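Fold and geometry: a report
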Amino acid sequence: MFSIRDISEYIVTLIAAFAQRYSMTDVDAYLYLNRYGAIKVAHNFYDVIPSQWMI
């Protein structure tokens, strides 16, 4: 099973990468991703993310 720490670190990294890619603040990126359900999807399907994508 995955630890909540691993999942949390992944989601924080996902938000930061999205923010950087689209020249947004981390807060704006979080609000955008949360609004469209991306954070919930990342959390719910963390176990199917290929290991080479893990940070």
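These numbers come from a predicted model, not from an experiment.

**With respect to the nonpolar core**
Ranked by size, the top nonpolar core spans ten residues in total: Ile7, Tyr10, Ile11, Ile15, Ala19, Ala29, Leu33, Ile39, Ala42 and Tyr46. At the level of elements, helix H1 (4–21), helix H2 (26–35) and helix H3 (38–44) are the ones that each hand at least two residues to this core. In terms of residue count, the dominant contributor to this core is H1 (five residues).

**Examining unusual backbone geometry**
Notably, Ser23 is not glycine yet its phi reads approximately 50°, a positive angle. With respect to the helices and strands, the residue Ser23 is situated in the loop between H1 and H2. Take Ser23: its relative accessible area is 68%, and that puts it in the exposed class.

**Section: the environment of Asp47**
Here Asp47 lies in the segment after H3. Relative accessible area serves as the criterion here: at 51%, Asp47 is assigned to the exposed category. Each C-alpha atom of the pair Asp47 and Met1 lies 8.7 Å from the other, and the pair is 46 residues apart in sequence.

What counts, and where the lines are drawn
- Residues numbered from 1 in each chain as written.
- Predicted model: local features only at pLDDT ≥ 70, side-chain atom pairs only at ≥ 80, totals over all residues.
- Heavy atoms only, no water.
- Core = buried A, V, L, I, M, F, W, Y, C linked by side-chain atoms within 4.5 Å.
- Buried < 20%, exposed > 50% of the residue type's maximum accessible area, 1.4 Å probe, protein only.
- Helix = DSSP H or I, 4+ residues; strand = E, 2+ residues; numbered from the N terminus.

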